[in-house]
Amino acid sequence: MKKLFLAFFVLMTAAIGTKVSAQATYKTAGGLFIDAGDGTAVGPSIKHFVTGKDAIQGLLLFGSGFTSIGAEYSYNQRIRNAGGLLWNIGVGPQVSFGHGFTDFAVRPQIGLEYKIHDVPLGFGFDWRPSWRVTHGSYFDGGRFGIAFRYVFH
């Protein structure tokens, strides 16, 4: 568990020092993330653009009887003539801990994100199915993510 937290911390620290190009509408943002579907998990998240189109996101989510830690890569692209609106697609691993279990999942996602012009706020909505690969493979296609973020820079 400590090694997982250490790896996550090193990855996030390395990413924060990199340069972002003109494609992204911000460099780093953090806030509340809601993972909804059959059951809901809520917690903090941080998203950082390592290039103008490539971003990483870290999630720490709390649900009823479990805690999940996730890291994701996403490719982000502006939508022409739509201000701060981006579409994105990505994937990443997620580990969930509960009463007597540890599950690993793959979390693909596709969605939209909007950064309000001249205001340090952003919002996101993703379709993010979950494919659990431990304790019997299980695919849950009815999962969605909602992000409310404060833009640091």
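In this text, all values refer to a predicted model and were calculated from it rather than measured experimentally. (Residues numbered from 1 in each chain as written. Predicted model: local features only at pLDDT ≥ 70, side-chain atom pairs only at ≥ 80, totals over all residues. Heavy atoms only, no water.)

The next point concerns the overall build of the protein. Of regular secondary structure, the protein possesses one helix and twelve strands. Residues counted as buried form 39% of the 153 residues belonging to the protein. Sequence separation of 24 or more characterises 48% of the internal contacts of the protein that already satisfy a separation of 6 or more. (Helix = DSSP H or I, 4+ residues; strand = E, 2+ residues; numbered from the N terminus. Buried < 20%, exposed > 50% of the residue type's maximum accessible area, 1.4 Å probe, protein only. Contact = heavy atoms within 4.5 Å.)

Right, let's talk about the layout of surface pockets for a bit. For the largest pocket, the calculated volume is near 510 Å³. Lining the largest pocket are 23 residues, and of these F66, S96, S130, D140 and R143 sit closest to its centre. When residues of the lining of the largest pocket are traced back to their parent elements, those giving at least two are β3 (54-63), β4 (66-78), β6 (93-98), β7 (101-106), β10 (130-132) and β11 (138-140). Ranked by residues supplied to the lining of the largest pocket, first place goes to β7 with four residues. Tallied by class, the residues present in the lining of the largest pocket amount to eight nonpolar, eight polar and seven charged. (1 Å grid on protein atoms, 1.4 Å probe; cavity = no way out; pocket = protein on both sides within 12 Å on 5 of 7 lines; lining within 4 Å. Points joined across faces, edges and corners; volume = space filled by probe spheres on them. Nonpolar A, V, L, I, M, F, W, Y, C, P; charged D, E, K, R; others polar.)

One pass over the structure, following the stated rule, counts six salt bridges. Residue E113 pairs with R149 through a salt bridge whose shortest N-O separation is 3.5 Å. Taken together, the residues E113 in strand β8 (residues 109-115) and R149 in strand β12 (residues 144-151) connect sequence positions 36 residues apart. As far as burial versus exposure is concerned, E113 and R149 are alike and both buried. (Salt bridge = Lys/Arg side-chain N within 4 Å of Asp/Glu carboxyl O.)

With that settled, the discussion passes to the nonpolar core. Counting residues in hydrophobic clusters, the biggest one holds six residues: Y26, A29, F49, A55, L86 and V151. Ignoring sequence-local partners within four residues, the contact set of A29 consists of S45, I46, K47, R149, Y150, V151 and F152. (Core = buried A, V, L, I, M, F, W, Y, C linked by side-chain atoms within 4.5 Å.)

Two descriptors summarise a pair of aromatic rings, namely the distance from one centre to the other and the angle between the planes of the rings. Under the criterion given, the structure shown has five aromatic pairs. On the numbers, 5.5 Å between centres and 70° between planes, the contact of Y150 with F152 is edge-to-face. (Phe/Tyr/Trp six-rings, centres within 6.5 Å; stacked < 30°, edge-to-face > 60°.)

What the rule picks out here adds up to one cavity of 30 Å³ or more. Put simply, the largest cavity is a space of about 90 Å³. Surrounding the largest cavity, K47, Q57, E72, S74, N88, Q109, E113, G124, F125, D126, A147 and R149 form its lining. Looking at the lining of the largest cavity, the elements that each hand over two or more residues are β4, β8, β9 (121-127) and β12. In terms of residue count, the dominant contributor to the lining of the largest cavity is β9 (three residues).

Further remarks concern the environment of L61. With respect to the helices and strands, L61 occurs in strand β3. Residue classification places L61 among the buried residues on the basis of a relative accessible area of 1%. Sequence spacing of L61 and S96 is 35 residues, and the spatial spacing of their C-alpha atoms is 9.0 Å. Those residues within four positions of L61 in sequence are excluded, and the remaining contacts are F33, D35, A41, V42, G43, F66, T67 and S68.

Taken together, the side chains of L32, V42, Y114, V119, L121, F123, F148, Y150 and F152 define a hydrophobic patch exposed on the protein surface, amounting to about 750 Å² of accessible area. Of all the secondary-structure elements, those providing two or more residues to the nonpolar patch are β9 and β12. (Patch = residues over 30% accessible without salt bridge, like charges linked within 9 Å, V, L, I, M, F, W, Y side chains within 5 Å. Areas by Shrake-Rupley, 256 points an atom, 1.4 Å probe, with all protein chains shown as cover.)

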